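For reference, the chains in residue letters:
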Amino acid sequence: MTTTSAPPAPPRPKRRPGDRLFAGTARGSGIFILLVLAGVAAFLISEAVPALTAPAEDIPGGQGLADYVGPLVLGTLLGAVLALLVATPLAVGIALYITYYAPRRFAAGMGYVIDLLAAIPSVVYGFWGLAVLAPTLVPFHVWAADNLSFIPFFAGPASTSGRTMLTVGIVLAVMILPIISAIAREVFSQAPALHREAALALGATRWEMIRMAVLPYGKSGVIAGAMLGLGRALGETMAVAIVLSGGAGATVNLISNSNPSTIASNIALRFPEATGLGVNTLIASGLVLFVITLLVNMLARWVVNRRADFSGAN
Amino acid sequence: MSIDTRSAPRPTAHDPGPVHVQRKLPRFAPLGLYLGGVALGAALSALTGFSVTSTVIYGVIFGTLLVYVASRAVEGRRKSTDRLVTALVTTAFATAMVPLLSLVYTVLDKGLARFDSAFFTNSMFRVVGEGGGAYHAILGTLIITVLAAVISVPIGLMTAIYLVEYGTGRLKKAITFFVDVMTGIPSIVAGLFAFALFTLLFGNDVRLGIMGAVALSVLMIPVVVRSCEEVLKLVPNELREASYALGVPKWRTVVKVVLPTAIAGLGTGITLAVARVVGETAPLLITVGLITGTNLNPFDGRMATLPVFAYYQLTQPGTDTQAFLDRAWTAALLLIILVMALNVVARLISRFFAPKTGR
């Protein structure tokens, strides 16, 4: 079917039926995605309405929807921000190591290993957090309660099981580490070779080359990666549900046995047994989570767009 | 940028010019200093009751400091900063390896207990203590994941093609933006969506395998779109232009030139998307539920899936606790093996289908 002859015809674009069909299908898929997203919002709202309009004493807890969701929102943000603070610097370091420090021969394999970290299911992270990480971190909890108790985050008393918000934050950090570092790696490795070589030729050390040629180029990529990581940490369900001993109102104390639960883990723990208005309340809390992640994503998107000159193509 | 060339060559009779003797540490000095620091850390750890953890922590700190100080004294500020960053970056990588190795070791250690043929051939039907297996859950996971992929891959790939090859103006911007937003949808919210959708369609308390597949697709589609879009963007425009110049229609250019060039990345992206949803637990927990028997029909009632099976075995053990925990860890091990197998398949695809490039 390929036309190899090139007749000197006027250069008018020809619309072939194949073209039209293909373009139509592609565009239709895109529009369908928009519809799905609208559907997610619409169906969540329609199922949440009974809880939104119900009298306060009918909501589980008996204090109204705001009192029910408030501590959960706090717990969700606490865990996710903690995870992001731990993971982002580490992830940038890993990405730099793999792209510019590791021996060339092993770099690809190391990237693959970090990718595996991303693919491990969250429920397995929950198992590991409960069986290994929580007991391992108990001495640190005790130490923090003894020495850092003037900081509200470490007010104590220290948990003896280690099933605390601190442990959850670290499990979440491990989970989002590969997401951030994969994207950072991608953009770091795409930093223009000419810039890098020019920097080295001018006598820059490796770190100076990275600071001048790689980091400015990769900054928006790192932010995009952190955004994805935060999104995953906010909505992470199973690891939190398994590790955290939650359900204790609003507190920022990271190391005690009573922690605020998170929205997602609360849904996972209560949904299978919930009935009637309980289901609607949980869906309403899910709607809150949806709105939070939406806002975070839009904010991060805005940050990325301000530095819009980042693109591997064109 | 105008350069003042007049002032540049300033010949001075006495100064022989910037003859700079770069003093360097001997080749193996940094490594030696670092190991010395680790030894120092071990000593400090021994003072306060020896433990491997504190040895490593102190050792890394001391080693990094020693290298930095020595380099600063001998080689100067710039070189020593470079060495410091090298040490920090390497430490970051090593730190990330710790949880991975620990996790894999733990899962292998505890999961191999029940990694036997009974686990793959028996369901949990009428099993209350020892024995039983995950036959029903393995099949359920396969069915639901395949369904999710069948829904997601065509939609995701075509959307990526639209964004890269056809998209213009407001629709492209809107789709890019909302796909980004969708990437951030928490898995549990996707599950709630599927639940709400099917509740409105079929009434209360409905649990179906297809609900899980729909929920997983909501999670999978944006991942597929984003990874495919990134890969398609990397295809050089020169290839497309060469194809157009030969008179090839646009859609054939996409199918015959762009996609084969990008096939390695597409394979990796799609397989990683599948690998991500294979282990999703939360949406299946609230849409598919769990049964002890084998149900292979995703349009009729609850099904068992491997992640949910593992979760309930761990959190709701019966009287014979150890048997339940063993099954839970073996299911976790199986999930990891599944994910790794998918990754290996992705690598093989990309190895065999990657176009030969000059690079």
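Computed from a predicted structure; not experimentally measured. (Residues numbered from 1 in each chain as written. Chains lettered and ligands numbered in written order. Predicted model: local features only at pLDDT ≥ 70, side-chain atom pairs only at ≥ 80, totals over all residues.)

Caption draft 1: Here's a closer look at the overall build of chain B. Regarding its fold elements, chain B presents 13 helices and 0 strands. Helices and strands appear in chain B in the N-to-C order α-α-α-α-α-α-α-α-α-α-α-α-α. Over its C-alpha atoms chain B spans a radius of gyration of 29 Å, topping by over 25% the 21 Å that the globule rule assigns to 359 residues. In terms of its C-alpha atoms, chain B occupies a principal-axis envelope of roughly 95 × 75 × 35 Å. Per-residue burial over chain B gives 45% buried out of 359 residues. Nonlocal contacts in chain B, meaning residues at least 24 apart in sequence, comprise 71% of its contacts between residues at least 6 apart. (Helix = DSSP H or I, 4+ residues; strand = E, 2+ residues; numbered from the N terminus. Rg over C-alpha atoms; globule rule 2.2 N^0.38 Å. Buried ≥ 20, exposed ≤ 12 C-beta atoms within 10 Å, placed from the backbone. Contact = placed C-beta atoms within 7 Å.)

Caption draft 2: Region of the structure containing the packing of helix α9 (residues 237–245) of chain B against helix α10 (residues 250–278) of chain B. Residues and elements named next belong to chain B. Interaxial distance between α9 and α10 falls to 10 Å at its minimum, and their mutual angle equals 155 degrees. Put simply, α9 runs roughly antiparallel to α10. Here α9 and α10 pass one another in a crossing that is right-handed. Contacts from Leu-239, Arg-240, Ser-243 and Tyr-244 in α9 reach Thr-253, Val-257, Val-258 and Thr-261 in α10. Tallied by class, the residues present in the contact of α9 with α10 amount to 4 nonpolar, 3 polar and 1 charged. (Axes fitted to C-alpha atoms, helices over the stretch in contact; angles between N-to-C directions. Parallel < 35°, antiparallel > 145°, perpendicular 65-115°, else oblique. Left-handed = near helix turned anticlockwise from the far one by under 90°. Nonpolar A, V, L, I, M, F, W, Y, C, P; charged D, E, K, R; others polar.)

Caption draft 3: Layout of the environment of Thr-305 of chain B. All names here are of chain B. With respect to the secondary-structure elements, Thr-305 resides in the loop between α11 (282–287) and α12 (306–315). For Thr-305, a count of 32 C-beta atoms within 10 Å translates into the label buried. Note: C-alpha distance between Thr-305 and Glu-280 (25 residues apart in sequence) is 9.8 Å.

Caption draft 4: Local environment of the confidence of the model for chain A. All names here are of chain A. Put simply, chain A has an average pLDDT of 83, and 91% of its residues get 70 or more. Across chain A, the secondary-structure element scoring lowest on mean pLDDT is helix α3 (residues 104–119), at 81, and the one scoring highest is helix α6 (residues 193–201), at 91. Throughout residues 310–314 the model reports pLDDT below 50, and contacts reaching past four residues in sequence, or to other chains, amount to 8 contacts. (pLDDT = per-residue confidence, 0-100.)

Caption draft 5: Up close: the nonpolar core. Ranked by size, the top nonpolar core spans 197 residues in total, and within it Phe-193 and Ala-332 of chain B carry the most contacts. Ranked by the residues each element gives to this core, the list is headed by helix α5 (residues 165–189) of chain A, at 18 residues. Taken domain by domain, the makeup of this core includes at least three residues from each of domain 1 (29–105) and domain 2 (118–353) of chain B. Beyond its immediate chain neighbours, meaning those up to four positions away, Phe-193 of chain B contacts Val-40, Phe-43 and Leu-44 of chain A together with Ala-215 and Val-218 of chain B. Within the second largest apolar cluster, 7 residues are counted, among which are Leu-33, Tyr-58, Val-67 and Ala-87 of chain B. (Core = buried A, V, L, I, M, F, W, Y, C linked by C-beta atoms within 7 Å. Domains from an automatic or database assignment.)

Caption draft 6: Fine view of helix α5 (residues 135–166) of chain B. Its 32 residues give α5 of chain B an end-to-end C-alpha distance of 45 Å, which sits within 8% of 46 Å, the value for a rise of 1.5 Å per residue. Largest kink in α5 of chain B: about 30 degrees, centred on Ser-152 of chain B, with the proline Pro-154 of chain B one to four residues after it. (Expected span 1.5 Å × (residues − 1). Bend = angle between axes of the 7 residues up to and from the residue.)

Caption draft 7: Layout of the confidence of the model for chain B. Overall, the predicted model of chain B reaches an average pLDDT of 85, with 92% of residues at or above 70. The ipTM value of the predicted complex is 0.82, and its pTM value is 0.83.

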